[in-house]
Amino acid sequence: MKIGLEIHVQLPTKSKMFCSCPTTGAERANTHVCPVCLGLPGSKPSLNRKALELGLTIAKKLGCSIPETTWFSRKTYFYPDLCKHFQITQYDTPIGLAGVFYLGKKPIRITRVHLEEDPGKTKRIGDGSSLVDYNRSGIPLVEIVTEPDISSPSEAREFLAALLTEIRHTIDLHDDGERSVRCDCNISVGKERVEVKNVTGMKNAERALTYEMIRQTKILKAGGKIERETRAFDETRGITYTARKKEFEADYGYIDEPDLGIFHIGELASTVRIKESPANMAARIADQYGIDQKAAKQLVSTSVDLASFFEDVAKEYGTENAVKWVGGPVTANWKAMTESGRSPGPVLDIIGKFAKGEITDTEAGIEIKSAMTGVDAAAAAQESGDLDNLINGFLDENPGIVDDYRKNEKAANRVIGFVLKQTGGKYTSAEVVDAAKRLISERL
Ligand SMILES: [Zn+2]
C-alpha cells in the first residue's frame, strides 16, 4: 500500500495573501473582504511578503531546494467559494522542491512546497441552497506534497502530527488544535490511485485512509477493479464516497498569473536561517552516515555542536574515524572542553594526523584529551595510563564481566562503578565509560 499526502496549512500572517484584509477576528460573515479577495473585475493582487518568507522558511526546513525565481499561476476553479473562478496557486515553479522529512528514522520524501490562496467557506442550509462566507478567501496557505512513501493510515497520522509539530516550532504557528490541517490523501492498494479530497484534521485523515484501505482491498479480493477517482470523506458516517472522476492536470487549465509577475527569491531564501530540530538531526545523521540510531541520539543529546563536529569529521576523514574518535574520547571530554571555553578545531587536525597514519591510536587519544581539556600531554598520558591500568586490573580479577558484556552492554557498569568509586572524581564518568568500553572490547 502506498500513501501520499497533500497537506495544507494556513500561514499565520496578519493580512491576507494578496490584499490587506485581516485574517482573523471577523465577527460576521463577509466582513473581511475587498475587491481583491472577492476577485472583482479590475482589482489587482499584490503579494504579502510575510507569506512568502514563511513559505520559504518551511521549504528550507524540509530540506527543499529553492529556485532562483518563482511565479504564480491561475488554476481553474468552478466552485462558488472562490468567485473569480480561478485560484491563485503555483504550478511550474513551486518555492521548494525535493525535500525530506524524517519520521523517526524513515525518510518521507517531499515532492514540492508551494503557496496558494485559501477559498472561502460554503455552508449548506436546509432547503438545498448554500451560503458562502468569503472571510477565509485569500488567506495564505502553504501546500506540502509528499511522495507516496507512507505505508499505513496510522503512519500517515503519525507523520502529520510530527510534521505539524515541526512547522509550529519553525514559524511560531499557534496551536489551534488538530483541525488546522487539511489534506488530500492519495492511496493505492493496487495499481490505481484514489484521492480523498479535503480531509480536515489528522484523526480524520487516518479514518478516511483506513476506510479506503478496507474498501479497495475488498474490491481487489473480489476480483474487481479500482477506479481512478476523487472521493470525499463524510466525517459523521466515517465513509468516503465518489465526488468526481479524477481530473488530469490539463483539466485545470493552468495559466501564468499576469498580475503578479516574477519574484526573484534566491536572495531572500539565503537570508532565511533555519535551525534543524534535534530529533530530525539525530535521524538524519543515523541515516546519512549509516550509524546506530541510539549512537546518533547520544551525540545530539550531548550537544548539537558535538553532532555537527561528528559530521565535520565524517566528511573529512570518514565515518569510521568519526565513530571511533567523536563517539569516544571527544564525547568524553566535550563538557570539559566547553566549560574551559575551548573549541574542537585542533581535534580535527589530530584526527587527521591519525587518519594519515602519522600518529598511533594511543598518541591520538592523549593529544585529543590534552587539546580539549588543556591538561598537558605528559599528564594526560599518565592519567590515561593510570585509568587503563586500573580498569585492566579489575577486568583481570573479574573475567566474567567480558562474557556478560557480550550479552548485555550493561555489564560494563560494574567496572565503571568500581573505577568511579576508587578515583573519586578524578575522571569524568564519560571518560571512564569510554575507557571501560574500549578495554572490554579489546578482550572480546
Ligand atoms: Zn481582501
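Higher on the page you've got the structure.
The structure reproduced in this document is the subject of the present report.

1. Considering the side chain of Glu166
Reasoning step 1: Here Glu166 is to be found in helix H3 (residues 153–171).
Reasoning step 2: In terms of polar contacts, Glu166 uses its side chain to reach the side chain of Lys61, at 3.3 Å.
Reasoning step 3: For Glu166, the residues in contact, after removing those within four places along its chain, are Lys61, Phe101 and Ser277.

2. A word on empty space enclosed by the protein
Reasoning step 1: Inspection of the entire model under this criterion finds one cavity of 30 Å³ or more.
Reasoning step 2: Approximately 40 Å³ is the volume found for the largest cavity.
Reasoning step 3: Lys16, Met17, Phe18, Cys19, Val36, Cys37, Lys84, Glu117 and Gly138 are the residues that line the largest cavity.
Reasoning step 4: Of the residues assigned to the lining of the largest cavity, the class counts are five nonpolar, one polar and three charged.

3. Digging into the coordination of the zinc ion
Reasoning step 1: Taken together, the protein ligands of the zinc ion are Cys19 (SG), Cys21 (SG), Cys34 (SG) and Cys37 (SG), with distances of 2.3 to 2.4 Å.
Reasoning step 2: What the four donor atoms of the zinc ion show is an angle range of 101 to 115° at the metal, which sorts the shape as tetrahedral.
Reasoning step 3: Spacing between the donor residues of the zinc ion along their common chain follows C-x1-C-x12-C-x2-C. Here Cys19 is found in the loop between strand E1 (2–10) and helix H1 (35–38), whereas its partner Cys37 is found in helix H1, with 18 residues between them in sequence. With respect to burial, Cys19 and Cys37 carry one shared label: buried.

4. Remarks on the layout of surface pockets
Reasoning step 1: By volume, the second largest pocket amounts to about 1500 Å³.
Reasoning step 2: Lining the second largest pocket are 42 residues, and of these Gly327, Gly328, Val433, Asp434 and Lys437 lie nearest its centre.
Reasoning step 3: Counting residues per element, the lining of the second largest pocket draws most heavily on helix H9 (residues 319–339), which supplies 10 residues.
Reasoning step 4: Among the residues making up the lining of the second largest pocket, the classes are represented as 18 nonpolar, 11 polar and 13 charged.

5. Quick look at the pairing of strand E9 (residues 140–146)
Side-chain direction in a regular strand flips from residue to residue, so the side chains alternate between the two faces of the sheet.
Reasoning step 1: With seven of seven residues buried, E9 lies mostly within the body of the structure.
Reasoning step 2: The side-chain alternation of E9 yields two buried faces, one formed by Pro140, Val142, Ile144 and Thr146 and the other by Leu141, Glu143 and Val145.
Reasoning step 3: Taken together, the five bridges between E1 and E9 define a ladder with antiparallel strand orientation. By the bridge assignment for E9, Ile7 is matched with Ile144.
Reasoning step 4: Of the pairings in the sheet, the one linking strand E6 (residues 106–117) to E9 comprises seven bridges and is antiparallel in character.

6. Overview of the nonpolar core
Reasoning step 1: Membership of the largest hydrophobic core comes to 57 residues, with the highest contact counts inside it found for Leu5, Ile7, Leu62, Phe72, Val113, Ile144 and Phe159.
Reasoning step 2: Looking at which element gives the most residues to this core, the answer is H3, with seven residues.

7. With respect to the environment of Lys121
Reasoning step 1: Counting through the fold element by element, Lys121 comes out in strand E7 (residues 121–124).
Reasoning step 2: Through-space distance from the C-alpha of Lys121 to that of Thr200 is 13 Å; in sequence the pair is 79 residues apart.
Reasoning step 3: With sequence-adjacent residues up to four places away left out, Lys121 is seen in contact with Asp81, Leu131, Val132, Asp133 and Arg136.

8. Re the packing of aromatic side chains
Reasoning step 1: Across all of its chains, the model carries nine aromatic pairs by this definition.
Reasoning step 2: With a centroid separation of 5.1 Å and 75° between ring planes, the pair formed by Trp325 and Phe354 is classed as edge-to-face. Taken as a pair, Trp325 in helix H9 and Phe354 in helix H10 (residues 345–355) lie far apart in primary sequence, 29 residues in all. The pair Trp325 / Phe354 is uniform in exposure class, with both members buried.
Reasoning step 3: Relative to Phe418, the ring of Phe394 has its centre 4.1 Å away and its plane inclined at 15°; by these criteria the two rings are stacked. Placement of the pair is Phe394 in helix H12 (residues 377–397) and Phe418 in helix H14 (residues 412–423), with a sequence separation of 24 residues.
Reasoning step 4: Taking relative accessible area as the criterion, Phe418 reaches 26% and is therefore assigned partly exposed.

Procedures and definitions
For every chain, the first residue of the written sequence is number 1, and numbering continues from 1 onward in sequence order. Restriction of local features to residues with pLDDT of at least 70 applies here, the model being predicted, together with a cutoff of 80 or more for giving and counting side-chain atom pairs; totals for whole chains, interfaces and linings are based on all residues. Neither water nor hydrogens contribute to the side-chain values; these are computed over all heavy atoms in the structure. Where helices and strands are cited, they refer to DSSP runs of H or I of at least four residues and of E of at least two residues respectively, numbered from the N terminus. Polar contact is defined as a pair of N or O atoms within 3.5 Å, subject to the rule that within protein one atom must be able to donate a hydrogen and the other to accept it, and that residues adjacent in sequence are counted only when both atoms are side-chain atoms. By definition in these notes, contact holds between two residues if any of their heavy atoms fall within 4.5 Å. Only protein atoms enter the 1 Å grid, on which a cavity is a set of points fitting a 1.4 Å probe that cannot get out and a pocket is an open set with protein on both sides within 12 Å along at least 5 of 7 lines, lining residues being those with an atom within 4 Å of a point. Grid points are joined across faces, edges and corners, and a volume is the space filled by probe spheres set on the points. Residues are sorted three ways: Asp, Glu, Lys and Arg are charged, Ala, Val, Leu, Ile, Met, Phe, Trp, Tyr, Cys and Pro are nonpolar, and all the rest, Gly among them, are polar. Each metal site is built from N, O and S donor atoms within 2.8 Å (3.2 Å for Na, K and Ca), and since water is not included, such sites may look incomplete. Only four donors with every angle between 85 and 135 degrees are called tetrahedral; only four or six donors with opposite donors over 155 degrees apart and all others between 65 and 115 are called square planar or octahedral, in that order; all others are irregular. Each residue gets one of three labels from its accessible area relative to the maximum for its type: buried under 20%, exposed over 50%, partly exposed in between, using a 1.4 Å probe on protein chains only. If DSSP finds at least two bridges between two strands, the strands pair. Here the nonpolar core consists of buried residues drawn from Ala, Val, Leu, Ile, Met, Phe, Trp, Tyr and Cys, with membership extended through side-chain atoms lying within 4.5 Å. Only rings of Phe, Tyr and Trp enter the pairing, Trp through its six-membered ring, and a pair is recorded when the two centres are within 6.5 Å. The plane angle decides the type: under 30 degrees is stacked, over 60 is edge-to-face, the rest tilted.

Shape descriptors only; they carry no functional weight alone.
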